Every structure is written in structure tokens, then in C-alpha cells.
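Close look at the chain arrangement
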Amino acid sequence: MNRNIEQEAAEALLDVGISLPLFRFKLPLIKPWEVRVTMRRPFWGTQMRIARIYLREGISTRQLKTMNQDEEMKFFDEHLVAVSQILALTICRGYLAGIILAPLVAFLIRWRVPRDYILEAQRRFCLLRPSRDFTTIIAWAEGTNPFRPVASRRGKNGS
């Protein structure tokens, strides 16, 4: 199996996520304190919301993958609100959290998170989003039955 697919499968199964810094507080004589949020693989309902945003903005995944740095900057300038909404939906994955908290988190992402972090988070999200590659893993898991007796143990039980 391809190493990238194995890594994506491990990340999906562990639901590791991507950490983004939202705030950084620095007070005199105290160590700086940072508030971070974690982007995780969205649920199917949230993925449908994200797909609606992509369709509304006219963004395709192929476009995102083939952009150079100048096109990426232009895309960032034109679609910042949509990108921040998408990132907020990966943070607020639930039904009510997506409705109530996602607009607030999107606003904080637009105004508090550095641009480089937003672009890299968008790239990473595009890599984690597809689930088509995991169909081979699902088929493999269905084919391996953990309740089937192991060939080396048949002699011990007399079966």
C-alpha cells in the first residue's frame, strides 16, 4: 500500500487534527499564553455544509491543488470569508455548534489567525478531506475476520 494512503488512514482513524493558534496573550512578568483550537475531520453533515460553501463560491478541488503562490494569494483575497467559514466548520463539527459557534469562530480566524496558518490549514484540510482512498482499507477490514481461527492454533484445540 502507498505510504501516503497509510498515513492518511492513520490520521483519519486517530482523528489527530490540525492545531491553529487563535489568541496569544502576553502580560509583563508572565510567560506568554496561547489559545489554540483543533481542526478535525468533519462529520458527514458538516461535510455537506462545506460542500455547499465550495459550490456557492465556485471553488473546485482541482483548482486548489494546481494554484501557484500568486494565484493562491488572489484566491485568499477573494474567498477569505468562505475559507474562514470552512475552517470554522472543521473546528465546530456538531449540528448546533456549526450553526451557533461557527460564525464566531470564523470571525476570530479572519481577524486573529495569521494568513500563513490559514493557507496551510486549508491545504491540509484538502488533503484530509477525501474518503475515497479508504475504501480499500474498509474492504481489507471486511475481508479479515478476527473471529476466524488462526491456522497455527488449530492443532491445539483438536479442531
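**Focus: the nonpolar core**
Met39, Tyr54, Leu64, Leu87, Ile91, Ile109 and Ile118 are the most contacted members of the largest nonpolar core, which totals 32 residues. Those elements that provide at least two residues to this core are β1 (18-25), β2 (33-39), α2 (44-57), α4 (69-78), α5 (80-91), α7 (102-112) and α8 (115-128). When residues of this core are assigned to their parent elements, the largest contribution, seven residues, is made by α5. Here isoleucine 118 is in contact with Phe76, Val83, Leu87, Ile109 and Val113, once residues within four sequence places are set aside.

**What about the packing of α2 against α5?**
Running from amino to carboxyl end, α2 crosses α5 at an angle of 175°, the nearest separation of the two axes being 10 Å. Between α2 and α5, the angle is such that the two are roughly antiparallel. Contacts between α2 and α5 involve Thr46, Arg49, Ile50, Ile53, Tyr54, Arg56 and Glu57 on the former and, on the latter, Ala82, Gln85, Ile86, Leu89 and Thr90. Residues that form the contact of α2 with α5 fall into these classes: six nonpolar, three polar and three charged.

**Details of α2**
Taking 1.5 Å of rise per residue, 14 residues should cover 20 Å, and α2 covers 20 Å from first to last C-alpha, within 8% of that figure. Those residues of α2 that fall on the buried side of the exposure criterion are Thr46, Gln47, Arg49, Ile50, Ile53 and Tyr54. All buried residues of α2 fall inside an arc of 160° around its axis, so they share one side. Turned more than 90 degrees from where α2 packs its buried face, Trp44, Leu55 and Arg56 sit exposed.

**Things to note about the packing of aromatic side chains**
Two measures describe an aromatic ring pair: the distance that separates the ring centres and the angle between the ring planes. The full count for this structure, using the stated rule, is three aromatic pairs. Where phenylalanine 25 meets tryptophan 33, the ring centres are 5.3 Å apart and the plane angle is 20°; that geometry is what we call stacked. We classify tryptophan 33 as exposed; its relative accessible area is 53%. Each residue in the set Phe23, Phe25 and Trp33 is aromatic and connected to the rest through ring pairs, giving one cluster.

**Thoughts on the confidence of the model for the chain**
Residues of the chain with pLDDT of at least 70 account for 69%, and the chain-wide mean is 76. By mean pLDDT, helix α9 (residues 135-143) is the weakest element of the chain at 50, and α7 is the strongest at 92. Low pLDDT (under 50) marks residues 133-138, which in the prediction has nine contacts with non-local residues, meaning those over four places away or in another chain.

**Points about the pattern of salt bridges**
Following the criterion strictly, the structure yields three salt bridges and no others. A salt bridge links glutamate 34 to arginine 24, with the nearest nitrogen and oxygen atoms 3.6 Å apart. Here the residue glutamate 34 occupies a position in strand β2, and arginine 24 occupies one in strand β1, the gap between them amounting to ten residues. By relative accessible area, which is 33% here, glutamate 34 ends up partly exposed.

What counts, and at which threshold
Residues numbered from 1 in each chain as written. Predicted model: local features only at pLDDT ≥ 70, side-chain atom pairs only at ≥ 80, totals over all residues. Heavy atoms only, no water. Core = buried A, V, L, I, M, F, W, Y, C linked by side-chain atoms within 4.5 Å. Buried < 20%, exposed > 50% of the residue type's maximum accessible area, 1.4 Å probe, protein only. Helix = DSSP H or I, 4+ residues; strand = E, 2+ residues; numbered from the N terminus. Contact = heavy atoms within 4.5 Å. Axes fitted to C-alpha atoms, helices over the stretch in contact; angles between N-to-C directions. Parallel < 35°, antiparallel > 145°, perpendicular 65-115°, else oblique. Nonpolar A, V, L, I, M, F, W, Y, C, P; charged D, E, K, R; others polar. Expected span 1.5 Å × (residues − 1). Arc of directions from axis to C-beta. Phe/Tyr/Trp six-rings, centres within 6.5 Å; stacked < 30°, edge-to-face > 60°. pLDDT = per-residue confidence, 0-100. Salt bridge = Lys/Arg side-chain N within 4 Å of Asp/Glu carboxyl O.

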